[in-house]
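# Observations on the three-dimensional arrangement
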2 protein chains.
Amino acid sequence: MDDGREGRDGRLCPPSLELAGAGTVRFDETGLVPCVVQEATTGEVLMVAWMNEASLALTLSTGLTWFWSRSRQELWNKGATSGNIQRVRRLLVDCDGDTLLALVEAAGPACHTGHGTCFHREIPLELGAGEGE
Amino acid sequence: MDDGREGRDGRLCPPSLELAGAGTVRFDETGLVPCVVQEATTGEVLMVAWMNEASLALTLSTGLTWFWSRSRQELWNKGATSGNIQRVRRLLVDCDGDTLLALVEAAGPACHTGHGTCFHREIPLELGAGEGE
């Protein structure tokens, strides 16, 4: 998560997990880290969901996306009921270790609405003519 | 943020902002919403940062990415000091309104380390031979 910092600040260390060859994944104070899911072939950003240490371990060992459902308070294997599983091709962690990016091959739509991506609603910019060009 | 829910759960409503033509953006209990930043041309996911209502309004009115720095507790115009601004081409909100996706034209590297993307560290999968294929 880019937080505009030039270096480490003095805040208390949250829970973290050392990963071979990839430094540290830092979970927030609730034990979670956001994971951006991107389609490996098309580059489309499909969704963002939360992982805890257990779901990250399951993702790494099975090669499928596992998340933590905050509303249901349970581990959640994406596509286990719908069939729209996500096979992980690459998993990356950002510079300060508190956000993940999963490049996946998706078996079907990511969104529960049936859209391929959860990001299917556009917010119009308010630029006047000529601005932003 | 896909949270594995089929519909609305019974939790208390967080602060939200109605946006013309795009439904509602729902900020979390601290008034923030995560924003995924993706390069519009290459599809590369560059970074994830937080927006509050003020930074979202500035992003929409200026066409440049504005965030909220949690560590500095201040509005932050990406690239204002480094020159690596991000011109917003499209802004999208996800199905349940609590995550944003900005498609941008980046003037330079997104990461303070000089990498083009903050996601430059790979976490090796633990799959055995033949798995994940």
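Residues numbered from 1 in each chain as written. Chains lettered and ligands numbered in written order. Predicted model: local features only at pLDDT ≥ 70, side-chain atom pairs only at ≥ 80, totals over all residues. Heavy atoms only, no water.

### Here we look at the overall build of chain A
- Across its full length, chain A holds one helix and nine strands.
- Each helix (α) and strand (β) of chain A, taken in turn from the N terminus, gives the series β-β-β-β-α-β-β-β-β-β.
- Expressed as a percentage of contacts within chain A between residues at least 6 apart in sequence, the contacts between residues at least 24 apart total 40%.
- Counting every atom, chain A has about 5,900 Å² of accessible surface; 52% of that belongs to carbon and sulfur. (Helix = DSSP H or I, 4+ residues; strand = E, 2+ residues; numbered from the N terminus. Contact = heavy atoms within 4.5 Å. Areas by Shrake-Rupley, 256 points an atom, 1.4 Å probe, with all protein chains shown as cover.)

### Brief notes about the side chain of E39(B)
Residue and element names in this part refer to chain B.
- Summarising the element assignment, E39 is placed in strand 3 (residues 33–39).
- Among buried charged residues, E39 stands out as having no salt bridge; its nearest opposite-charge side chain is R89, 8.5 Å away.
- A distance of 3.3 Å separates a polar side-chain atom of E39 from the backbone nitrogen of A106.
- Excluding anything up to four places from it in sequence, E39 contacts E44, L46, V104, E105 and A106. (Buried < 20%, exposed > 50% of the residue type's maximum accessible area, 1.4 Å probe, protein only. Lys, Arg positive; Asp, Glu negative; His and termini not counted. Salt bridge = Lys/Arg side-chain N within 4 Å of Asp/Glu carboxyl O. Polar contact = N/O pair within 3.5 Å; in protein donor to acceptor, adjacent residues only side chain to side chain.)

### Considerations on helix 1 (residues 53–62) of chain A
Residue and element names in this part refer to chain A.
- Turning to helix 1, its buried residues are S55, L56, T59 and L60. What you see down the axis of helix 1 is that its buried residues fit within an arc of 135 degrees, all on one side.
- Directly after helix 1, the chain includes G63, whose backbone phi takes a positive value near 75 degrees. (Arc of directions from axis to C-beta.)

### Observations regarding the state of the cysteines
- Inspection of every chain in the model, using the stated rule, returns zero disulfides over all chains.
- C35(A) forms no disulfide, and the closest cysteine sulfur to it belongs to C118(A), at a distance of 13 Å.
- Assessed through its relative accessible area of 0%, C35(A) is described here as buried.
- The cysteine C118(A) is free of any disulfide, with C95(B) supplying the nearest cysteine sulfur at 3.8 Å.
- What makes C118(A) buried here is its relative accessible area of 1%. (Disulfide = S-S within 2.5 Å.)

### A look at the environment of I123(B)
All names here are of chain B.
- In this fold, I123 is placed in strand 9 (residues 121–123).
- A relative accessible area of 2% means that I123 is categorised as buried.
- Taking the C-alpha atoms as reference points, I123 and M1, separated by 122 residues in sequence, lie 22 Å from one another.

### Section: the packing of aromatic side chains
Residues and elements named next belong to chain A.
- Summed over all chains, the structure comprises two aromatic pairs over all chains.
- Aromatic pair F67 and W76: ring centres 5.2 Å apart, planes at 45 degrees, arrangement tilted.
- W76 sits in the buried class, given a relative accessible area of 10%. (Phe/Tyr/Trp six-rings, centres within 6.5 Å; stacked < 30°, edge-to-face > 60°.)

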